[in-house]
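What follows is each chain in one-letter form.
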Amino acid sequence: MGAPKRRVRRQRVVARTRPVEAEYEARAGAVGEPEAVEFESVSESATDSEPESGSATEPESESESATDSDSDSESATATEPVSESESVSDPEAAADPLERVALHGAGVVEHGERADRLQVTVLVRPDSGSTLAADVGRGLREVPKTLEPKHFYDDVGSTLFDMICDTPEYYVTRTEEALLEEIADEVIGETSPTALVELGSGAARKTRALLEAMQRHHGRATYVPVDISEQALESSAAALLEDYDWLDIHGVVADFTQHLHRVPGAERRLIAFLGGTLGNFDRQGARGFLQGIRDAMTEGDSLLVGMDQVKQPAILHAAYNDAAGVTAAFNRNLLQVINRELSADFDVDAFEHVALYRPELQRIEMLLEARSAQSVTIEALGRQFDFGAGERVRTEISSKFTRESAEALFAAAGLTLRRWYTPENGYFALALAGIDG
Ligand code: SAH
Ligand code: AVI
């Protein structure tokens, strides 16, 4: 574990509304530097050079083939030099880091200090180069134009998403959190996991209910957060280690559409995919992604998926059009990501946030609408893209489910729905699935 230490990067947001900006600044300060904890990067593959198929962000089109979440992109080698502050200290670990990592703290917890209970493996750099460039190049050539939502989550985007979770209109997070608290002991009792793997873990706020239940059942817990946002993963890990001295963490900074098979194994894993992120795939993509999870599961593993439910359009509309403009800032930040990472010149203020519910597809669509005709140069792609006045770019879909549609989706992916938990208002559901009949 002689890898170099590194620190969480900080960055400022450019948000449209004052309240959002002020709140963001306050939060960025609050998450700030990670006090005493420094993160040890056991390995680094700077970026995967192949664009994946079927990402959570993949646009839906009739001709699309199903997502292959464990796509061949794994064979892609890092094409960018590893930055000095995050360089690989052990070439062998770099070659195949995860297979050599034992869970339950072997080699991790040596001195009982927080840093010794943490390991972070970085398999992908979210904003660096080729994946973003390929995705943007492809999406902006489509008619209608699309962008992939996985690129929302730079440092700013992750913080803005966290703020969305606290808006009064976004019922999703608090509903799922309350539900998790209610069912955590039952889920952990039934699945008896030796490790909790969480895909798209983000701030890992709600995960606490599951971790605490694991601690109640087994005395200790091992947590494997997997997220494309290094900043979100590191901040959440720091907070969890601070609060739980019985917890070991092996974080993996990765693209869950590409790296599922590199997520550490354990005797029995509970794989959590919370927040309704499954809804950010189109239907084919969701099925392919679940199939990929199924293929990566072994007999003792279980899957817990948060699924936002179909409900009154007005409630959904409000949730994606919060009055404080946080969701709008989150949506438009995607253009800032492209400006920064691909040397583009989007005039961010020239695009308006639009989110609407399409009942016939049972999904929210989030878009950016050009207020006037725009010509944007993306230097990294060596070309210009034109946007007509009123032209919309789709940046995200957020599908909503019923028990029936969820059950059909799991079945199509070769998974069996074992439990369907939902609160009285039916706003959200947690589906517990397994691979045996
Ligand atoms: N699970 C949390 C966060 C949801 S936001 C919650 O329920 O509140 C979606 C999270 O998934 C973000 O943290 C984002 O960084 C991560 N994410 C999005 N696309 C991803 C991808 N392709 N691979 C890995 N993480 C991804
Ligand atoms: C991460 N995902 C489940 C969120 C959603 O509700 O689809 C992202 C989001 N977009 C706007 N608000 C929240």
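Structure: above.
Bear in mind that the values here come from a model prediction, so they are computed numbers and not experimental data.

Scoring rules and cut-offs
Residues numbered from 1 in each chain as written. Chains lettered and ligands numbered in written order. Predicted model: local features only at pLDDT ≥ 70, side-chain atom pairs only at ≥ 80, totals over all residues. Heavy atoms only, no water. Helix = DSSP H or I, 4+ residues; strand = E, 2+ residues; numbered from the N terminus. Buried < 20%, exposed > 50% of the residue type's maximum accessible area, 1.4 Å probe, protein only. Contact = heavy atoms within 4.5 Å. Areas by Shrake-Rupley, 256 points an atom, 1.4 Å probe, with all protein chains shown as cover. Phe/Tyr/Trp six-rings, centres within 6.5 Å; stacked < 30°, edge-to-face > 60°. Lys NZ or Arg CZ within 6 Å of the ring centre and 35° of its normal. Core = buried A, V, L, I, M, F, W, Y, C linked by side-chain atoms within 4.5 Å. Near = heavy atom within 4 Å. Polar contact = N/O pair within 3.5 Å; in protein donor to acceptor, adjacent residues only side chain to side chain. Nonpolar A, V, L, I, M, F, W, Y, C, P; charged D, E, K, R; others polar. Pairing = 2+ DSSP bridges. Right-handed = clockwise from strand over helix to strand, strands pointing away. Axes fitted to C-alpha atoms, helices over the stretch in contact; angles between N-to-C directions. Parallel < 35°, antiparallel > 145°, perpendicular 65-115°, else oblique. Left-handed = near helix turned anticlockwise from the far one by under 90°.

1. Considerations on the overall build of the protein
Along its length, the protein carries 11 helices and 15 strands. Scored against the burial criterion, the 437 residues of the protein give a buried share of 57%. Put simply, 77% of the contacts in the protein that link residues at least 6 apart link residues at least 24 apart. Of the roughly 16,700 Å² of accessible surface on the protein, a fraction of 48% belongs to carbon and sulfur atoms.

2. Describing the packing of aromatic side chains
Taken as a whole and judged by the stated rule, the model has 17 aromatic pairs. Taking 5.6 Å as the distance between ring centres and 70° as the angle between the ring planes, the aromatic pair formed by F346 and F351 counts as edge-to-face. On the accessibility criterion, F351 (1% relative accessible area) is buried. Following the ring pairs from residue to residue traces out a cluster consisting of F152, Y153, F161, Y170, Y320 and F330. Its end group placed over the ring of F387, K145 keeps NZ or CZ at 4.8 Å from the ring centre.

3. Observations regarding the nonpolar core
Residues L140, F346, I378 and F387 are the most contacted members of the largest nonpolar core, which totals 42 residues. Examining the composition of this core, we find that 8 residues originate from one element, helix α10 (residues 326-342), more than from any other. L140 has contacts with K145, T146, L147, F346, I378, F385, F387 and V393, leaving out every residue within four places of it along the chain.

4. Here we look at the site of ligand 1
Taken together, 17 residues lie around ligand 1, and G200, K206, D227, D255 and F256 are the ones closest in. Here G200 contributes a backbone N or O atom positioned 2.7 Å from a nitrogen atom of ligand 1. Backbone polar atom of A254 to a nitrogen atom of ligand 1: 3.5 Å apart, as the coordinates give it. When ligand 1 sits alone it has 570 Å² of accessible area, and the protein chains cover 95% of it. Considered class by class, the residues forming the shell around ligand 1 number 6 nonpolar, 6 polar and 5 charged.

5. Thoughts on the environment of E424
Relative to the helices and strands, E424 is located in the loop between β14 (416-421) and β15 (428-434). Distance in space between the C-alpha atoms of E424 and L179 is 10.0 Å, their sequence separation being 245 residues.

6. As for the pairing of strand β7 (residues 269-273)
Every regular strand shows the same layout, with side chains that alternate between the two sheet faces. Of all 5 residues in β7, 5 are buried, a share of seventy percent or more. When strand β4 (residues 195-199) meets β7, the two strands line up parallel, connected through 4 bridges. The residue bridging L196 from the neighbouring strand is L270, located in β7. Relative to strand β8 (residues 302-308), β7 is paired through 4 bridges, and the arrangement is parallel. Following the sheet pairing, A272 is matched in β8 by L304. Between the parallel elements β7 and β8, the chain passes through helix α8 (residues 283-296) in a crossover that is right-handed.

7. Here's the deal with the site of ligand 2
Surveying the vicinity of ligand 2 reveals 14 residues, the closest of which are Y170, N280, Y320, E396 and S398. Y170 is positioned such that a nitrogen or oxygen atom in its side chain is 2.5 Å from an oxygen atom of ligand 2. Between an oxygen atom of ligand 2 and a side-chain N or O atom of Y320, the distance comes to 2.5 Å. A total of 340 Å² of accessible area belongs to ligand 2 in isolation, and the protein chains cover 97% of it. Listed by contribution, the elements that provide at least two residues to the shell around ligand 2 are α4 (155-165), α10 and β13 (392-399). Of the residues assigned to the shell around ligand 2, the class counts are 7 nonpolar, 6 polar and 1 charged.

8. Regarding the packing of helix α5 (residues 171-191) against helix α6 (residues 207-218)
Here α5 crosses α6 at 40°, and the two axes come no closer than 8 Å. Comparing their axes, α6 and α5 come out oblique. Crossing angle aside, the handedness with which α5 passes α6 is right-handed. Residue-level contacts link L180, E181, A184, D185, I188 and G189 of α5 to A209, L210, A213, M214, R216, H217 and H218 of α6. Tallied by class, residues from the contact of α5 with α6 come to 7 nonpolar, 3 polar and 3 charged.

9. Thoughts on α4
Most of α4 sits out of view: 9 of its 11 residues are buried. Considered for burial, the residues of α4 that qualify are D155, V156, G157, S158, T159, L160, M163, I164 and C165.

10. Points about the sheet that holds β13
Across the sheet, which stays open at both edges, the 3 strands sit in the order β9-β10-β13 with antiparallel pairing between neighbours. Here the strands that pair on one side only, and so sit at the sheet edges, are β9 (351-358) and β13. Strand-to-strand twist of the sheet, defined as the mean angle between neighbouring strand axes without regard to direction, takes the value 20°. Alignment of β9 against strand β10 (residues 363-370), held across 8 bridges, turns out to be antiparallel. Counterpart to H353 in the pairing with β10 is L368.

11. Brief notes about unusual backbone geometry
In this chain, V143 is followed by P144 through a cis amide linkage whose omega measures -5°. Non-glycine residue A204 carries a positive phi angle of around 55°. Within the secondary structure, A204 is located in the loop between β4 and α6. With relative accessibility at 2%, the residue A204 sits in the buried group. Within the chain, Q362 stands out as a residue other than glycine whose phi angle is a positive 50°. Topologically, Q362 is positioned in the loop between β9 and β10.

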